[in-house]
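Chain and residue survey
Residues per chain are reported as follows:
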Amino acid sequence: MKLVVFGLTISSSWGNGHATTYRALLRAFSERGHEISFYEWDAPWYSGNRDLARPGFVDLKLYEEWNAVAPPAIAEAKEADAVIVGSYVKDGPRVIDALAEAGVDPLFFYDIDTPVTVAALRKGGTEYLRPDQVPLFTRYLSFTGGPFLHEVLERELGAREARPLYCSVDVDRYHPTEIDPLLVSDLAYMGTYAPDRQPVLERYLLEPARRMPDRKFYVAGPQYPADTAWPGNVLHNPHLPPSLHPVFYSSARWQLNATRADMVAAGWSPSVRLFEAAACGAAIISDRWPGIDHFLTPGKEILLPSTTEEVVHILADTHDDDRRAIGLAARARIVAEHTAEHRAEELESLVGTAAPV
């Protein structure tokens, strides 16, 4: 099968979770014998932070302007067996219109940010997708599952068929490692700053850090405001390259999973960081959202405290054997159900069984 993908980025993991998602999924898809072209706008903030300039599993085609690349890209798309446009693609509406007008079929949308996209569509659209374009796609593939697919994407927004294609993890790269003394902490969190996620970070990590000055905390991620009040026992690293993610997850006693407000409201929206941390055997503390128990069992594979006091209690009183058991159980669950190989097989079925219009 020949697959053409228009995505935000696969070449740079700086400040986004798209790159690691595409890398895991498309590497596994390629290993199933398929050919892939990946079109990526050469964003200046990614070009200076490129950690996979030559992915061997896709033909990466960087471009500076859509008009310059449109003729060959459309020609290649028309010859492909399937075409995917992802969320946050630069000039997304123009790309989608051009592909649809050229008769590209089947054409899929892959939304790695579904609740955020929907919130914007309800207000008139996003920079990468207009409301009137939703029905153009053969299938709308979504990071979010559950009732949201039918009730919102299909009934409200007019998607022909919405199907879940959750994130996944490359278990060959994400697995337990030796502890790095420089990354050791009692509770760690990896994520780009988001205003609606910051209250979760405040309640579950920053306030526990203030109450436990003898403990170590670590936050890895960019775009935090310069005036962020980091407690003295919290180390902030603006960027941790993917090569260090497994050891980061393996070196903390606990990992925090914090979810954006739109995704909490929609439910059924696991993040790639959640799966990656679990694959590394991390013991995870998370906020609550509908559907989380579909992915990891609360109390056995993940802990879901509601308050700062509960987080402090977990950090202070959980026996190391119990903590390790939670991490190992989470890893077993993810390896059994949510690897890149599982997701590539699902993608193969989703694009291979779609009926042309």
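Presented here is an overview of the structure given in this document. A quick note: this is a predicted structure, and the numbers were derived from the prediction, not measured.

Within the protein chain, the regular secondary structure consists of 13 helices and 12 strands. The C-alpha radius of gyration computed for the protein chain amounts to 20 Å, which stays within 12% of the reference 21 Å derived for 357 residues, consistent with globular compactness. Its C-alpha atoms give the protein chain principal-axis dimensions of about 60 × 40 × 40 Å. For the protein chain, the proportion of its 357 residues judged to be buried stands at 57%. Counted over contacts in the protein chain with a minimum sequence separation of 6, partners at least 24 positions apart contribute 71%. Total accessible area on the protein chain is roughly 14300 Å²; 52% of this is exposed by carbon and sulfur atoms.

We now examine the sheet that holds strand β10 (residues 234-237). Strand order in this open sheet of five strands is β10-β9-β8-β11-β12, and the pairing throughout is parallel. Each edge of the sheet is formed by a strand with only one pairing partner; in this case those strands are β10 and β12 (284-286). On average, adjacent strands in this sheet sit at an angle of 25 degrees to one another, irrespective of strand direction. Pairing of strand β8 (residues 185-190) with strand β11 (residues 252-257) involves four bridges; the strand directions are parallel. Bridging across to β11, Leu187 finds its partner in Trp254. Against the sheet, helix α10 (residues 272-279) contacts β8, β11 and β12, and its axis sits at roughly 155 degrees relative to β12.

In spatial order, the strands read β3-β2-β1-β4-β5-β6-β7; together these seven strands make up an open sheet with parallel pairing. Two strands lie at the open edges of the sheet, namely β3 (59-63) and β7 (162-164), each paired on one side alone. Across this sheet, the average inter-strand angle for adjacent strands is 20 degrees, counted without regard to direction. The strands that helix α13 (residues 340-352) touches are β1 (2-6), β4 (82-86), β5 (107-111), β6 (139-142) and β7; relative to β6, the one it contacts most, it runs at about 165 degrees.

On to the environment of Ala98, then. As for its placement among the helices and strands, Ala98 is situated in helix α4 (residues 92-101). Since its relative accessible area comes to 16%, Ala98 is described here as buried. In the structure, Ala98 is positioned 45 residues away from Phe143 in sequence and 25 Å away in space, judged by C-alpha atoms.

Attention shifts here to the pattern of salt bridges. In total, this model carries 30 salt bridges according to the counting rule given. For Arg173, the salt bridge is made with Asp170, and the minimal N-O distance between the two is 2.8 Å. For Arg173, a relative accessible area of 42% corresponds to the partly exposed category.

Two faces belong to every sheet, and in a regular strand the side chains alternate between them. Burial runs high along strand β2 (residues 35-41): six of the seven residues are buried. With five bridges joining them, β1 and β2 adopt parallel strand pairing. Within β2, the residue paired with Val5 across the bridge is Phe38. Following the chain from β1 across helix α1 (residues 18-31) to the adjacent parallel β2, one finds a crossover that is right-handed. Strand direction decides the pairing type here: β2 and β3, joined by five bridges, are parallel. Of the residues in β3, the one forming a bridge with Glu40 is Leu62.

Following the criterion strictly, the structure yields 19 aromatic pairs and no others. For the ring pair Tyr88 and Tyr128, a centre distance of 4.5 Å and an interplane angle of 35 degrees mean the geometry is tilted. Of this pair, Tyr88 sits in the loop between β4 and α4 while Tyr128 sits in the loop between α5 (114-121) and β6, and the two are 40 residues apart along the sequence. Since its relative accessible area comes to 29%, Tyr88 is described here as partly exposed. Aromatic pair Phe109 and Tyr140: ring centres 5.2 Å apart, planes at 50 degrees, arrangement tilted. Placement of the pair is Phe109 in strand β5 and Tyr140 in strand β6, with a sequence separation of 31 residues. Phe109 gets classed as buried once you look at its relative accessible area, which sits at 0%. You can call Tyr140 buried: its relative accessible area is 1%.

Inspection of the secondary structure assignment puts Lys216 in the loop between α7 (198-211) and β9 (217-220). Separated by 17 residues in sequence, Lys216 and Asn233 place their C-alpha atoms 5.5 Å apart. Aside from chain neighbours lying at most four places away, what touches Lys216 is Val184, Ser185, Asp186, Leu187 and Asn233.

The next point concerns the packing of α1 against α13. Between α1 and α13, whose axes approach to 8 Å, the crossing angle comes to 70 degrees. Here α1 is positioned roughly perpendicular relative to α13, judged by the angle of their axes. Crossing of α1 against α13: the hand is right-handed. Contacts between α1 and α13 pair Ala24, Leu25, Ala28, Phe29 and Glu31 from the former with Ala340, Glu341, Arg343, Ala344, Leu347 and Glu348 from the latter. A breakdown of the residues in the contact of α1 with α13 according to their chemical character gives seven nonpolar, no polar and four charged.

Calculation criteria
Residues numbered from 1 in each chain as written. Predicted model: local features only at pLDDT ≥ 70, side-chain atom pairs only at ≥ 80, totals over all residues. Heavy atoms only, no water. Helix = DSSP H or I, 4+ residues; strand = E, 2+ residues; numbered from the N terminus. Rg over C-alpha atoms; globule rule 2.2 N^0.38 Å. Buried < 20%, exposed > 50% of the residue type's maximum accessible area, 1.4 Å probe, protein only. Contact = heavy atoms within 4.5 Å. Areas by Shrake-Rupley, 256 points an atom, 1.4 Å probe, with all protein chains shown as cover. Pairing = 2+ DSSP bridges. Axes fitted to C-alpha atoms, helices over the stretch in contact; angles between N-to-C directions. Salt bridge = Lys/Arg side-chain N within 4 Å of Asp/Glu carboxyl O. Right-handed = clockwise from strand over helix to strand, strands pointing away. Phe/Tyr/Trp six-rings, centres within 6.5 Å; stacked < 30°, edge-to-face > 60°. Parallel < 35°, antiparallel > 145°, perpendicular 65-115°, else oblique. Left-handed = near helix turned anticlockwise from the far one by under 90°. Nonpolar A, V, L, I, M, F, W, Y, C, P; charged D, E, K, R; others polar.

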